[in-house]
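Architecture at a glance
Listed here are the chains, written in short residue letters.
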Amino acid sequence: MSKISVIIPVYNVENFIAEAINSCLKQSFQKIEIIIVDDCGTDKSMEIVQEYAKKDTRIKIVRNQENLGLLKARFEGAKSASGDILMFCDGDDLLEREALEKVYQEFLDNELICFHYKELKHRELTKLKNFFTQTQVFTLEEFKEFYLRGGGLK
């Protein structure tokens, strides 16, 4: 069974990072590594991450020398990944318990998976958002064509 690398850039998310990590650790699919990318924030996010890393060997910390921003921080995390599947989350994201299991099942036949997400405020659903203009599974080539035609964030 393949391993999933969950890459989480961290920049000033101390109020959310513990829940984000917990949602990864409690997945029904357990063959994972969690790569936390320290993007040089100024709060206590990384102190929280270090406490988790002491308790769970699936958590790996990558430290940037300077703030690189979200996209480059994700890239730095990806360079350290050992999983066959990369999944990108933010430091304030929560995964449903079976999210990675579903990703794994979809990935068996596909190269890239795009999906919707729920926006919460104070743990209440505010709306279902479409990250991409359509719910679809793409091959890498199909995604490139879709994105270059102007698909993407809605």
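Below or above, wherever it landed, is the structure these notes cover. Note that the structure is predicted; figures quoted are calculated from it, not measured.

**A short note on the nonpolar core**
- Among the nonpolar cores identified, the biggest contains 26 residues, and Ile4, Ile8, Ile17, Ile21, Ile34, Ile36 and Leu100 are the most heavily contacted of them.
- Within the residue set of this core, elements represented by two or more residues are strand 1 (4-10), helix 1 (17-25), strand 2 (32-38), helix 2 (45-55), strand 4 (85-88) and helix 4 (99-107).
- Ranked by residues supplied to this core, first place goes to helix 1 with five residues.
- If we skip the residues at most four places from it in the chain, Ile17 touches Ile8, Val10, Ser45, Ile48, Val49 and Gly91.
- The next biggest cluster of nonpolar side chains, apart from the first, holds five residues, and it includes Ile35, Val37, Val62 and Ala73.

**Concerning the pattern of salt bridges**
- The final tally for this structure, using the stated rule, is five salt bridges.
- Across the pair Asp90 and Arg74 runs a salt bridge, and its minimum N-O distance is 2.7 Å. One end of the pair, Asp90, is in the loop between strand 4 and helix 4; the other, Arg74, is in helix 3 (residues 70-79), with 16 residues separating them in the sequence.

**A short note on the sheet that holds strand 4**
- Reading across the sheet, the four strands line up as 3-2-1-4 and stay open at both edges, with parallel pairing between neighbours. Only two strands of the sheet have a single partner each, and these edge strands are strand 3 (59-63) and strand 4. Within the sheet, the average angular offset between the axes of one strand and its neighbour, ignoring direction, is 25°.
- Summarising the sheet, strand 1 and strand 4 pair through four bridges and their orientation is parallel. In the sheet register, Ile7 faces strand 4, and the bridge partner there is Phe88.
- On the sheet, helix 3 packs against strand 1, strand 2, strand 3 and strand 4 and is oriented at approximately 140° with respect to strand 1.
- Lying on the sheet, helix 4 is in contact with strand 1, strand 2 and strand 4; it crosses strand 4 at an angle near 135°.

**Quick notes on helix 2**
- Of all the residues in helix 2, the buried ones are Ser45, Met46, Val49 and Tyr52. The buried residues of helix 2 occupy one face: seen down the axis, they fall within an arc of 115°. What points out from helix 2, more than 90 degrees from its buried face, is the exposed set Lys54 and Lys55.
- Where helix 2 is buried, its residues meet strand 1, helix 1, strand 2 and strand 3.

**Remarks on helix 1**
- Among the residues of helix 1, Ile17, Ala20, Ile21, Ser23, Cys24 and Leu25 are the ones counted as buried.
- Looking at the buried residues of helix 1, the elements they touch are strand 1, strand 2, helix 2 and strand 3.

**Observations regarding the pairing of strand 2**
- Burial of strand 2 is extensive: seven of the seven residues sit out of reach of the surface.
- As defined by bridge partners, strand 1 adjoins strand 2 across seven bridges and the pair is classed as parallel. Looking across to strand 2, one finds that Pro9 is bridged to Val37.
- On the question of chirality, the crossover connecting strand 1 to the parallel strand 2 by way of helix 1 is right-handed.
- Between strand 2 and its parallel partner strand 3, the chain crosses via helix 2, and the hand of that crossover is right-handed.

What counts and what doesn't
Residues numbered from 1 in each chain as written. Predicted model: local features only at pLDDT ≥ 70, side-chain atom pairs only at ≥ 80, totals over all residues. Heavy atoms only, no water. Core = buried A, V, L, I, M, F, W, Y, C linked by side-chain atoms within 4.5 Å. Buried < 20%, exposed > 50% of the residue type's maximum accessible area, 1.4 Å probe, protein only. Helix = DSSP H or I, 4+ residues; strand = E, 2+ residues; numbered from the N terminus. Contact = heavy atoms within 4.5 Å. Salt bridge = Lys/Arg side-chain N within 4 Å of Asp/Glu carboxyl O. Pairing = 2+ DSSP bridges. Axes fitted to C-alpha atoms, helices over the stretch in contact; angles between N-to-C directions. Arc of directions from axis to C-beta. Right-handed = clockwise from strand over helix to strand, strands pointing away.

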